[in-house]
Amino acid sequence: MELQYYREMQKSLEEMESGTNLAQKRIYLFGHCNATEELADLLMEKGYGVTAILDNSEAKHGMEYRRLPIVAPHTILREPAEQTIVCIVTRFYEAMYAQLRALGFTGEVRKLVDYNTYAEYSLSRETLERKKTRVEHGRVLIDCLEKKYPGHFRVFCPFAALGDVYFCMSYLPYFLEKRGISKYMVCVPSGSCVKVAELFDECPVEVMQQRELDAAIQAELYIQDENAFIAHQDRPYVVNLSRALYHKRIPLEKVYRCGVFGLSDRTEPNPPMHWKPYPDLNRIEKNRAVILSPYAKSVTALPAAIWQDIVAHFRTKGYQIFTNVTGAEQPLEGTMPVSPQICEMRSVVEQAGTFIGIRSGICDVIRTAECRKIALYPDYNYCDTKWKSIDIYAIEGFENIVVTR
Amino acid sequence: MTIIESIDRCLKTFDMILMLMDGDGGTENLTEDFCCSVAMKTTSKKVLILSTSGCLHPNDTDHYEYWKLTDEEQKRIQELYMMYDFSDHFHMISNDSKYGGLFNYVNAGIMTREEVFQALLN
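Right, let's walk through the structure included here.

Thresholds applied
- Residues numbered from 1 in each chain as written.
- Chains lettered and ligands numbered in written order.
- Predicted model: local features only at pLDDT ≥ 70, side-chain atom pairs only at ≥ 80, totals over all residues.
- Heavy atoms only, no water.
- Contact = heavy atoms within 4.5 Å.
- Buried area = accessible area lost by both parts, 1.4 Å probe.
- Salt bridge = Lys/Arg side-chain N within 4 Å of Asp/Glu carboxyl O.
- Polar contact = N/O pair within 3.5 Å; in protein donor to acceptor, adjacent residues only side chain to side chain.
- Helix = DSSP H or I, 4+ residues; strand = E, 2+ residues; numbered from the N terminus.
- Nonpolar A, V, L, I, M, F, W, Y, C, P; charged D, E, K, R; others polar.
- Axes fitted to C-alpha atoms, helices over the stretch in contact; angles between N-to-C directions.
- Parallel < 35°, antiparallel > 145°, perpendicular 65-115°, else oblique.
- Left-handed = near helix turned anticlockwise from the far one by under 90°.
- Core = buried A, V, L, I, M, F, W, Y, C linked by side-chain atoms within 4.5 Å.
- Buried < 20%, exposed > 50% of the residue type's maximum accessible area, 1.4 Å probe, protein only.
- Domains from an automatic or database assignment.
- Pairing = 2+ DSSP bridges.
- 1 Å grid on protein atoms, 1.4 Å probe; cavity = no way out; pocket = protein on both sides within 12 Å on 5 of 7 lines; lining within 4 Å.
- Points joined across faces, edges and corners; volume = space filled by probe spheres on them.

## Regarding the interface of chain B and chain A
Phase 1: If you look at the interface, chain B gives 35 residues, while chain A gives 43 residues.
Phase 2: Between chain B and chain A, roughly 3,500 Å² of surface is buried when both sides are summed, and carbon and sulfur atoms account for 59% of that area.
Phase 3: Its largest share of buried area at the contact with chain A, chain B owes to Met83, Tyr84 and Lys98 of chain B, together 22% of the area lost on that side.
Phase 4: Here chain B is connected to chain A by one salt bridge.
Phase 5: Note that Glu115 of chain B is salt-bridged to Lys248 of chain A, the shortest N-O span being 3.1 Å.
Phase 6: Our enumeration of links across chain B and chain A arrives at 19 residue pairs in polar contact (both at pLDDT 80 or more).
Phase 7: Broken down by secondary-structure element, the contributors of at least two residues to the side of chain B that touches chain A are helix H1 (3–13), helix H4 (71–83), strand S4 (90–93), helix H5 (102–107) and helix H6 (113–120) of chain B.
Phase 8: At six residues, the largest contribution of residues to the side of chain B that touches chain A is made by H4 of chain B.
Phase 9: Looking at the side of chain B that touches chain A residue by residue, the class counts come to 19 nonpolar, nine polar and seven charged.

Right under this line is the structure:
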């Protein structure tokens, strides 16, 4: 979970604690994902008992997270409503709220993170006024962008996922050429996304706070601006590409190439070009080291035992073992931390000779690196489709392995 | 009753409301083809189709109703839809140049039109 959302979750929980006697409530969480796991961790740290995680995916029923069972949503009806609370930290709050009410659940339902500022399932006058105000704010933001980048076509990457930005930048040149666009700029929601965009081109890249970016995108939709494009596979809500996945297996790169940009399936991706060498490459023994990347913001974590086994394996082989860390992340036990910039990642993994990471955007960033690359996939389905995550996210040139333990 | 009030009422009645925007880039004859599709004939959902285009088989089954919109009504609903996501039961289907869409898959030969219709009704 991005730090800004984690802080929002903490704050929302504190507000909830001051208004509700949580210790007296049966607490359920809705929607199993990385964010929900972090909420479960936080609640348990604070000494609250979480009863279960509700999830619509039948494939997950019977599974557990830290001994919390994952169960079907209708299970909530077994509980006395007035003594039960459902907490939601996914972007599908509106749909989940509606589902719980449709099931007949009358207890408290709380949104702890506002992931989805586009959605509010109401046509009340107050909602309409609020949303109009938001669009007007978005129009002001667009005017600012136009003043700062006059005559530039605007490309929006609505979500802070490194892989999404990677695919966008990789196929964007073909899209722009098709439309006869020579001057463009890219809007992204985080500094890391800027770093990925800068691997590809020296076009202007503007960072916007997520809520501001959402408002600007909403305004672009509202004013039907032909001078803008939203380059994403399922955000915002107007993008319906993910519906195809109920019917067909379409790997993510193809979703971008064909679905988002409307290019031929034979289009070759542009590789990133603006790499820099990591300044402390001498620290890493050439072809006798492994770079481990166990952390990802939007993917459920692998069990610690998996990484312990990997570390033990490479220790017996006499390898140097590094953990790629950023911010407050800690290196795995028995490993050394390494914190290259995104543009330095390729030099680091090529020096080491081996990269093993949980499947995340970092894997996309280094997909053109010449070394042994292993991507580990938690055993879960992609959203609520029948496909496993490996079916959608597998990367050519990697050893793609599903971790079933 | 305003168009928004009508939509609000329909959201309580129908499983899905689809506003179809016939155009180009894969959406030629969209309304008629969608209404005549196998997907529409076999869906178990109660669907409302909104379009300014004529549909040769309105109310052909119990599954869907068809409302022909005026240009002004379509514009008003489109404005609303582009202001915010007011329901996960309402979708506007078009070939909008500002973002990707399912009909790009048809143009790339990855999906057929019928498969897109089935995906939309999922």
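From this point, the narrative continues.
## Observations concerning the packing of helix H1 (residues 3–19) of chain A against helix H2 (residues 34–45) of chain A
Residues and elements named next belong to chain A.
Phase 1: Where H1 contacts H2, the axes come no closer than 11 Å and their chain directions differ by 45°. One finds that H1 runs oblique with respect to H2. As for how H1 packs across H2, the hand of that crossing is right-handed. For the pair H1 and H2, contact is made by Tyr6, Met9, Gln10 and Leu13 and by Ala35, Glu38, Leu39, Leu42 and Leu43, respectively.
Phase 2: Residues of the contact of H1 with H2, tallied by class, amount to seven nonpolar, one polar and one charged.

## Comments concerning the nonpolar core
Phase 1: Judged by nonpolar contacts, the single largest core of 133 residues is most densely connected at Leu172, Tyr184 and Phe261 of chain A together with Phe90 and Tyr105 of chain B.
Phase 2: Shared between two domains, this core holds at least three residues of each, these being domain 2 (125–260) and domain 3 (281–403) of chain A.
Phase 3: Setting aside chain neighbours within four positions, we find Tyr105 of chain B in contact with Leu241, Ala244, Ile250, Lys254, Val255, Cys258 and Gly259 of chain A together with Ile110 and Met111 of chain B.

## Section: the pairing of strand S1 (residues 16–20) of chain B
Residue and element names in this part refer to chain B.
Phase 1: Of all five residues making up S1, five are buried, and the element is well covered by its neighbours.
Phase 2: Here S1 shows no split at all, with Met16, Leu18 and Leu20 on one side and Ile17 and Met19 on the other all buried.
Phase 3: Sheet topology places S1 next to strand S2 (residues 47–51); four bridges connect them, and they run parallel. Each residue of the ladder has a partner; that of Met19, found in S2, is Leu50.

## Quick notes on the layout of surface pockets
Gaps left between atoms show up when a probe the size of a water molecule is rolled over them.
All names here are of chain A.
Phase 1: Here the second largest pocket defines a volume of roughly 450 Å³.
Phase 2: Lining the second largest pocket are 22 residues, and of these Tyr171, Glu253, Pro269, Arg367 and Glu396 sit closest to its centre.
Phase 3: Where the lining of the second largest pocket is concerned, the elements lending two or more residues are helix H5 (162–178), helix H8 (252–260) and helix H12 (389–393).
Phase 4: Residue composition of the lining of the second largest pocket, by class: 11 nonpolar, four polar and seven charged.
Phase 5: Domain assignment of the residues forming the lining of the second largest pocket places at least three in each of domain 2 (125–260) and domain 3 (281–403).

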